[in-house]
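# What the coordinates show
Residues per chain, in single letters:
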Amino acid sequence: MIKELEKSDSIIGIINTIKKYFSEYDQDIYLPAIIKEGDFMYERYGNKKKRESSDFYAKLIIRPISSKITHSWLIQNMVYNFYNGNEYSENKIVDPLDFVYNIIVHKNVYGNSIYTLNPMLYNDESSISEENYKNNGIANLYYCDSYHSENKINVLKNENDDIYILKEVLENYVFAQNPSRYGNGDYILSVEFEYRNTNNHIKDVDNYQDDTSFIDNINKEKKDYLWLIGTIDIPFVIKSEQPLNIVVNDLKGNKRTLNENNYNDDTDAGLIVFSEDCFEYLRQRYIILGLTMIDTYNENQSYIIDNLEDIFVFWEGEFNKLPREVKVGLEKYNNIEKSTGIVSPAMFEWQLNANWDWKNKAYPSQYLGEYLIENYIELVKEYKCNIVLPKNEEIFKEQINNILEILNIKIEDVYKNENGYRAVLEIMNQEKKEKNKEILKSLFEYFCSIVLEKVDKNYVRTIHR
């Protein structure tokens with residue numbers, strides 16, 4: 001920021017540079033709320049040459065649309081301002097500037113001063129919750145749009161001591177520049193800043209004021225260094241959400257575009273097919289085993305998912321419950337060609353036949369996945385134990401090792417005289433490289449089957465892929 005500011009020779013140039021900086025976040029879901037850069041140190045030691053230095057600090061505030069910027073810094077740094085108008089007597093005129101709020105304030109946690117969202121911007125009925133402090137300088141706040149799902153997203157981010165805020169939490173308060181979205185509150189978003197530089201590169205000497213800004217040139221008389229403080233309105237732009245380019249297969253064999261408002265599949269069920277390459281993307285956040293996908297960001301949230309041969313399949317309603325950013329990330333993996341063989345026997349029995357004994361139709365890997373969820377869920381989370389059809393040796397070995405660790409058994413105790421032991425052992429010990437995906441998947445299914453026969457007395461080997 002400072003390098004860009006130093007290119008300006010006027011206060012108008014400073015204003016435009018700051019506005020341009022924030023406009024670069026128009027299509028982001030976060031916005032800088034606290035910016036700190038540089039280290040200003042002005043020294044006077046006789047004829048000793050002074051060291052060049054500069055710093056920039058900025059914070060976001062909201063002010064009522066009805067208010068006017070009459071001076072710079074409408075509210076002191078980090079002040080809460082719990083003013084709600086009740087303090088006025090009947091005869092006193094309400095001053096809109098009494099309702100200016102810092103977006104970010106300080107609070108004390110275990111003797112440490114940390115950044116948090118101004119409590120005036122949320123309440124007990126809001127979609128914001130707070131969890132235990134993580135010792136990263138910011139309150140551990142989460143936003144949850146519970147109407148669509150229980151997925152959580154951080155309200156605040158700390159990146160190199162700059163604090164970023166999730167735009168969505170401001171939408172009910174701040175008037176949005178793009179009317180297609182619902183951010184049409186009664187407040188304007190403004191940035192208040194302080195900029196100091198031993199290199200006085202501004203030609204202006206007077207203060208500056210217009211309808212959307214007020215800049216004080218604090219050191220305008222001496223001019224030996226630059227010191228500006230100001231308040232500038234900035235547009236509040238919410239990222240435009242483009243329709244997802246996802247193809248859905250309905251139950252009649254037809255293809256259609258995604259209905260993003262379908263959350264239950266009751267009246268217009270559809271299946272969305274993704275290539276197996278999506279697993280590497282999904283596993284960054286989720287654990288997939290059985291017919292279940294567990295969200296590691298919110299362990300109480302899970303989704304129904306199917307895994308067949310070289311594809312993963314979501315019901316349309318389940319897919320729509322995913323966080324927006326996850327759905328966008330999955331777009332490129334959408335398999336628009338595959339339309340048959342996209343429902344496993346277990347999924348068919350469970351979801352279409354309403355058969356609660358669907359596990360009798362499950363493939364061994366699906367059955368084992370559900371067995372681990374029912375009996376070892378905490379270890380599943382600890383090991384991040386996925387159980388999917390492995391497309392390479394790495395996934396094959398990782399999954400087998402996790403299963404053995406969770407069940408506390410040895411591979412030689414699993415196989416004994418069973419077929420395939422030698423082939424699996426060679427892969428596990430890196431004595432042989434198996435690049436044939438079909439062989440890997442077949443060996444893995446068989447491994448799951450004989451593990452189940454060892455640990456679950458109720459398991460009967462009834463179905464194979």
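Residues numbered from 1 in each chain as written. Predicted model: local features only at pLDDT ≥ 70, side-chain atom pairs only at ≥ 80, totals over all residues. Heavy atoms only, no water.

Moving on, we come to the confidence of the model for the protein chain. Summing up the model confidence of the protein chain, the mean pLDDT is 85 and the portion of residues at 70 or higher is 88%. Ranking the elements of the protein chain by mean pLDDT puts strand S8 (residues 152-154) last with 81 and strand S22 (residues 311-315) first with 97. Note on residues 179-183: pLDDT is under 50 here. Beyond four places in sequence and across chains, it has eleven contacts. (pLDDT = per-residue confidence, 0-100. Helix = DSSP H or I, 4+ residues; strand = E, 2+ residues; numbered from the N terminus. Contact = heavy atoms within 4.5 Å.)

This brings us to the nonpolar core. Counting 58 residues, the largest nonpolar core has Phe56, Ile103 and Phe193 as the members making the most contacts within it. Element by element, the count of residues in this core is highest for helix H2 (residues 11-23), at six residues. Each residue touching Ile103, except ones within four places of it in the same chain, is listed here: Leu60, Ile61, Ile62, Thr116, Leu117, Asn118, Leu121, Ile165, Leu170 and Leu189. Of all hydrophobic cores here, the second largest spans 49 residues; its members include Trp315, Ile342, Tyr371 and Cys385. (Core = buried A, V, L, I, M, F, W, Y, C linked by side-chain atoms within 4.5 Å. Buried < 20%, exposed > 50% of the residue type's maximum accessible area, 1.4 Å probe, protein only.)

Time to look at the environment of Met293. Inspection of the secondary structure assignment puts Met293 in strand S19 (residues 292-295). Here the alpha-carbon distance between Met293 and Ile305, two residues twelve residues apart in the chain, equals 6.3 Å. Once residues within four sequence positions are removed from consideration, Met293 is found in contact with Leu282, Tyr286, Ile287, Ile288, Gln301, Ser302, Tyr303, Ile305, Phe314 and Leu322.

Right, let's get into the sheet that holds S19. Strands sit in the order S18-S19-S20 across an open sheet of three strands; the sheet is antiparallel. Two strands in the sheet have a free side with no partner beyond their single neighbour: strand S18 (286-289) and strand S20 (302-304). Pairs of neighbouring strands in the sheet enclose a mean axial angle of 20°, with direction left out of account. In this structure, S19 lies alongside S20, joined through three bridges in antiparallel fashion. Within S20, the position partnered with Thr292 by the bridge is Ile304. (Pairing = 2+ DSSP bridges. Axes fitted to C-alpha atoms, helices over the stretch in contact; angles between N-to-C directions.)

To continue, consider helix H7 (residues 364-383). In this model H7 runs just 20 Å from its N-terminal to its C-terminal C-alpha over 20 residues, more than 12% under the 28 Å that 1.5 Å per residue would give. Along H7, the sharpest kink reaches roughly 110°, centred on Tyr376. Of all the positions in H7, only Pro364, Ser365, Gln366, Tyr367, Leu368, Gly369, Glu370, Tyr371, Leu372, Ile373, Val380 and Lys381 are classed as buried. In this fold, the buried residues of H7 make contact with S18, S19, strand S21 (306-308), helix H6 (345-352), helix H8 (393-407) and helix H11 (437-455). In the segment just after H7, Lys384 is the residue with positive phi, at about 50°. (Expected span 1.5 Å × (residues − 1). Bend = angle between axes of the 7 residues up to and from the residue.)

With that settled, consider the pattern of salt bridges. Inspection of every chain in the model, using the stated rule, returns 20 salt bridges. Taking the shortest distance from any N to any O, the salt bridge between Glu4 and Lys7 comes out at 3.1 Å. Measuring nitrogen to oxygen at the nearest pair gives 2.9 Å for the salt bridge that ties Arg285 to Asp295. With Arg285 in the loop between helix H3 (278-282) and S18 and Asp295 in strand S19, this pair connects stretches of sequence that are ten residues apart. As far as burial versus exposure is concerned, Arg285 and Asp295 are alike and both buried. (Salt bridge = Lys/Arg side-chain N within 4 Å of Asp/Glu carboxyl O.)

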